[in-house]
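Observations on chain architecture
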Amino acid sequence: MQGRADLNENIKKFFRAAEYLTVAQIFLQDNFLLERPLKPTDIKPRLLGHFGSTPGIIKAYAHLSALTRRTGQEMLFVLGPGHGYPGLQASLFLEGSLEKVDPKATLNVAGIEYICKQFSWPYGYPSHSSPLTPGSILEGGELGYSLSTAYGSVLDHPDLITACLIGDGEAETASLLAALNLNKLVSPKTNGVVLPILHLNGYKISAPTIYGRMSDKELIDLFTGFGYVPIIVNEGEDIDFDTQMADALDKSIETVYNIKKSPEDGFFRTPFIIMRTLKGETGPKELDGEKVEGNYLSHQVILTEAKTNSVQLKMLEKWLKSYRFEELFDTKKGFGDYIDAVLPAPAKRMGQSKYANFEPVNLNLPELAGDPKFETGELSSLAMNAVGKYLRDVFTKNPTNFRFFCPDETSSNKLDAIYEATNRAWLKPLKSWDKHMSPDGRAIEMLSENTLQGLLQGYVLTGRHGLMSSYEAFMPIVTSMVDQYSKFLAVAMKIDWRPDIPSINYILTSTGWRQDHNGFSHQNPGFISDLLLRPSNLVNVLLPLDDNAALVATEFALSSKNTVNVITAGKTKEGRYLTLDNARYQILNGGAMVFKFASDDKPHIVLASAGDYVSKEALAAVRIVKAAAPQIRLRFVNVAALSYGAIGTSKFKLTQARFDDIFTKKAPIVFTFHGYPSTCKQILFNYTNPQRLDIHGYNEHGSTTTPFDMQVRSETDRFHLALNIFERAAKLDIISPEELAKLVDKYMAKLSEHQVYIKQYGDDPPEIKDWIWKKPTDY
């Protein structure tokens, strides 16, 4: 076994080789081994990439590899500052993981030329970590999510250590700070362990970092307060960095192994390495009289004019030669033995981690058990209660590969039946009155949607299944994260070696239509609007009408792969309109269904709805129309699923032919939608002439008011819908202008009466509040 001095020397060689390749990737399109003096034609026309953080990334990667070699520990690597990718790619190239997924990335002259030429090159390798990166479960373009993703990866993987390299700029984000508290929820005894490595190189793009200017004592106090054991590794002319780093990792893994063997349970302080390195180390020290090495000027491309400026070209050549790459690589023999002296066996290399390259395992889903009682409109549907019981059974049948994430609203959202099968994860002391909390709890609640999203991503990108629930109004907090994840997923699906990924699933409840008590701040359906804009065709928005439909939507989401599913439904007691079979047929056949019990043959006008609360008002509008003007023939259509540019799910879209069959080819369509009308327009305009359409939806006129008044403010209530239908009927000459005027007067007066009642009594009139659909007897 090699001694520490020999290991340190081999790590230094690995570092020099990887740094040379890093610089070559950023700058060179030819003359990759400097077999002649550099010429302008050797330099890429567009210099893209980030150099400043790569020295620290490579050092951390090399030392983690050496640790794995001497311990056999399973290790996954999460890179927070994804812009440091040239350093990570150089390391993955040297360990052979890149060649494993890209046969052209061979460990010879041809492979060196290939990776250098293809880096930040059109249709080549991107400048940031990506799904093309072997072993990667995070892009790291949008900063802040590395630590929560790392914690998600170790859930239910007790043999795994995930090393998470956090940039000191990234550490300033609110998301990263919140994720530091996950050590109070994720047990290192029953799960794997996250080893955070805070990389302090002192600078962001154009300014110092806060953490970079903090003293060692301040850093130790801070992270001790967060519940970690801080270990500082410094760098300087008189400091042996490699010995310090190796010692820090040995101490860390010893601490982890002692925790694993401890007979105690509960909260444990786990290691937290604070690694100081010089920003832009080994690069040019100065440029045009400005300090570069150890300053923010080394963050991105340093010699930006190397192609056109002879002085900078010479500086680049000197820089590349400083690594003495010819000592590290032979054109005939390849790289020296120092590579194997640092790296573990191939199966243990971080770029080939079995946790990132997992074998997909489906959930064992229970049979749906909808309420067998069924009568159209029967007032007995509690969608979230039914889903909660179903998820309880999912937990029971899947004790190690299913997790539930929620800010703190599980009980409020009526999903608390899950606590019959599991608890909330909790490692800190308990009070006698605390409920449903234990170290082995499989539901994670924390008031940080960003942190929960990171956990969920890390969990599913290592092969398991999860679901996140939240108030509808607050899911937009993670919109950008979900956008980033969707991009990752879209690219991953085009890569042969990437496995199928369990879908990410959301339940949005406590929806805006029934946030009349909390007010305007709690009324926001914008999350689904943003997701439906994404052309990746990986998003399904499911709008179940009742409890049976909600059960079917949940089953559909949990059994799907490679998608983002959003189930949006209320939690209050409403009518039941569908059997399980009806609901399943609807979602698997284009997402739209004619409700015959509320429809006439040969309709003059189609009334359509998408969403539970607006559908109730639409059905009430049918009653009004049939009572006031029975000569108007209506067809009622319910829509339960939307995807990019289409009704239906991404896999089962409503075809144009089916649309014409259900909505007819010419009849006017009055459509009432759960969310913003513009979201619905962008879908319906793909199917038909906009002149046929009148679209209603949430119009941002909310307040603290009554449920019915919420509908009135957005003109999605039964009276406004009925008036819209009357206006369309008048244009079709089904009713006369005089009849229309009388109907308008009558129902606007009705609206006024209700408004007076609401203002006087602070509640909806009984005939509104208690309305249910009853079996038709008069038409």
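Before any of the text, the structure's been laid out above.
In short, a report on the structure. Computed from a predicted structure; not experimentally measured.

1. Side note on the sheet that holds strand β5 (residues 270–276)
Taken together, the five strands give an open sheet; going across it, the order is β1-β2-β3-β5-β4, and neighbouring strands pair in parallel fashion. Looking at strand neighbours, the two that pair on one side only are β1 (74–79) and β4 (228–233), the edges of this open sheet. Between one strand axis and the next, the sheet turns through 20° on average, direction left out of account. As paired elements, strand β2 (residues 160–167) and strand β3 (residues 193–200) share seven bridges and run parallel to each other. Each residue of the ladder has a partner; that of Ile-161, found in β3, is Val-193.

2. Looking at the pattern of salt bridges
Taken as a whole, this structure holds 35 salt bridges when the rule is applied. A salt bridge links Lys-616 to Glu-574; its shortest N-O distance comes to 3.6 Å. Taken together, the positions of Lys-616 in helix α18 (residues 612–628) and Glu-574 in strand β19 (residues 574–576) put the pair 42 residues apart, joining distant regions of the chain. This pair shows no difference in class: Lys-616 is buried, exactly as Glu-574 is. Several salt bridges share partner residues, and in doing so they unite Arg-4, Arg-70, Asp-247 and Asp-250 into one network.

3. Some remarks on helix α16 (residues 547–559)
Taking 1.5 Å of rise per residue, 13 residues should cover 18 Å, and α16 covers 18 Å from first to last C-alpha, within 8% of that figure. For α16, a buried count of 12 out of 13 residues is recorded, marking the element as mostly surrounded by other parts of the structure. Among the residues of α16, those classed as buried are Asp-547, Asn-548, Ala-549, Ala-550, Leu-551, Val-552, Ala-553, Thr-554, Glu-555, Phe-556, Ala-557 and Leu-558. For α16, the N-terminal cap is Asp-546; the gap from its side-chain oxygen to the backbone nitrogen of Asn-548 is 3.2 Å.

4. Focus: the environment of Leu-38
Considering the arrangement of structural elements, one finds Leu-38 in the loop between α1 (4–27) and α2 (54–71). Under the relative-accessibility criterion, Leu-38 is labelled buried at 8%. Considering only alpha carbons, one finds Leu-38 and Asp-288, 250 residues apart in sequence, at a separation of 21 Å.

5. Some points on the packing of aromatic side chains
Across all of its chains, the model carries 30 aromatic pairs by this definition. With a centroid separation of 6.5 Å and an interplanar angle of 80°, the aromatic rings of Trp-771 and Trp-773 are classed as edge-to-face. Accessibility classification places Trp-771 together with Trp-773 in one group, the buried group. Pairwise contacts between aromatic rings join Tyr-577, Phe-595, Phe-597, Phe-636, Trp-771 and Trp-773 into one cluster. Above the ring of Phe-241, the side-chain terminus of Lys-59 is found at 4.7 Å from the ring centroid. We note Lys-117 situated over the ring of Trp-121; from NZ or CZ to the ring centre the distance is 4.9 Å.

6. What about the nonpolar core?
By size, the foremost hydrophobic cluster in this structure holds 92 residues, and its most contacted members are Tyr-506, Ile-647, Phe-663 and Phe-671. Tallying contributions element by element places helix α14 (residues 479–492) first for this core, with six residues. Leave out the neighbours within four places in its chain, and Tyr-506 touches Gln-453, Leu-456, Met-468, Met-475, Val-482, Phe-527, Val-564, Asn-565, Val-566 and Ile-567. By size, the runner-up hydrophobic cluster in this structure holds 79 residues, among which are Ile-57, Ala-248, Leu-287 and Phe-325.

7. Description of unusual backbone geometry
Positive phi, normally seen in glycine, also occurs at Leu-34, with a value near 50°. Within the secondary structure, Leu-34 is located in the loop between α1 and α2. According to the relative accessible area criterion, Leu-34 is buried, its value standing at 16%. Of note, the phi angle at Lys-414 is positive, near 65°, even though the residue is not glycine. Residue position: Lys-414 is located in the loop between β11 (402–406) and β12 (424–425).

8. With respect to a negative patch on the surface
Together, Glu-286, Asp-288, Glu-290 and Glu-305 give the surface a local cluster of negative charge. Residue position: Glu-305 is located in the loop between β7 (290–291) and α10 (310–321). Owing to a relative accessible area of 39%, Glu-305 belongs among the partly exposed residues under this scheme.

9. Thoughts on the packing of helix α13 (residues 449–460) against α14
Each pair of packed helices can be summarised by the angle the axes make with each other and by the distance between the axes. Packing of α13 against α14 brings their axes to within 10 Å, and their N-to-C directions diverge by 20°. Between α13 and α14, the angle is such that the two are roughly parallel. The handedness of the crossing between α13 and α14 comes out as right-handed. Where α13 approaches α14, its residues Asn-450, Gln-453, Gly-454, Gln-457 and Val-460 are matched on the opposing element by Met-481, Val-482 and Tyr-485. Considered class by class, the residues forming the contact of α13 with α14 number four nonpolar, four polar and no charged.

10. Here we look at the packing of α1 against helix α9 (residues 241–261)
One can describe the packing of α1 onto α9 by two numbers: an axis separation of 10 Å at closest approach and a directional angle of 110°. Put simply, α1 runs roughly perpendicular to α9. Judged by residue contacts, Arg-4, Asn-8, Ile-11 and Lys-12 of α1 engage Asp-242, Thr-243, Ala-246, Asp-247 and Asp-250 from α9. Broken down by class, the residue content of the contact of α1 with α9 amounts to two nonpolar, two polar and five charged.

11. Some details on the pairing of strand β25 (residues 669–673)
When a strand is regular, its side chains alternate between the sheet's two faces. Within β25, five of the five residues are buried, leaving the element largely enclosed by the surrounding structure. Here β25 shows a buried face lined by Ile-669, Phe-671 and Phe-673 and a second buried face lined by Val-670 and Thr-672. Note: strand β21 (residues 605–610) against β25, five bridges, orientation parallel. Its bridge partner lying in β25, Leu-607 is registered against Val-670. In the sheet, β25 pairs with strand β26 (residues 693–696) via four bridges, with the strands oriented parallel.

Calculation notes
Residues numbered from 1 in each chain as written. Predicted model: local features only at pLDDT ≥ 70, side-chain atom pairs only at ≥ 80, totals over all residues. Heavy atoms only, no water. Pairing = 2+ DSSP bridges. Helix = DSSP H or I, 4+ residues; strand = E, 2+ residues; numbered from the N terminus. Axes fitted to C-alpha atoms, helices over the stretch in contact; angles between N-to-C directions. Salt bridge = Lys/Arg side-chain N within 4 Å of Asp/Glu carboxyl O. Buried < 20%, exposed > 50% of the residue type's maximum accessible area, 1.4 Å probe, protein only. Expected span 1.5 Å × (residues − 1). Polar contact = N/O pair within 3.5 Å; in protein donor to acceptor, adjacent residues only side chain to side chain. Phe/Tyr/Trp six-rings, centres within 6.5 Å; stacked < 30°, edge-to-face > 60°. Lys NZ or Arg CZ within 6 Å of the ring centre and 35° of its normal. Core = buried A, V, L, I, M, F, W, Y, C linked by side-chain atoms within 4.5 Å. Contact = heavy atoms within 4.5 Å. Patch = residues over 30% accessible without salt bridge, like charges linked within 9 Å, V, L, I, M, F, W, Y side chains within 5 Å. Areas by Shrake-Rupley, 256 points an atom, 1.4 Å probe, with all protein chains shown as cover. Lys, Arg positive; Asp, Glu negative; His and termini not counted. Charge placed at Lys NZ, Arg CZ, Asp CG, Glu CD. Parallel < 35°, antiparallel > 145°, perpendicular 65-115°, else oblique. Left-handed = near helix turned anticlockwise from the far one by under 90°. Nonpolar A, V, L, I, M, F, W, Y, C, P; charged D, E, K, R; others polar.

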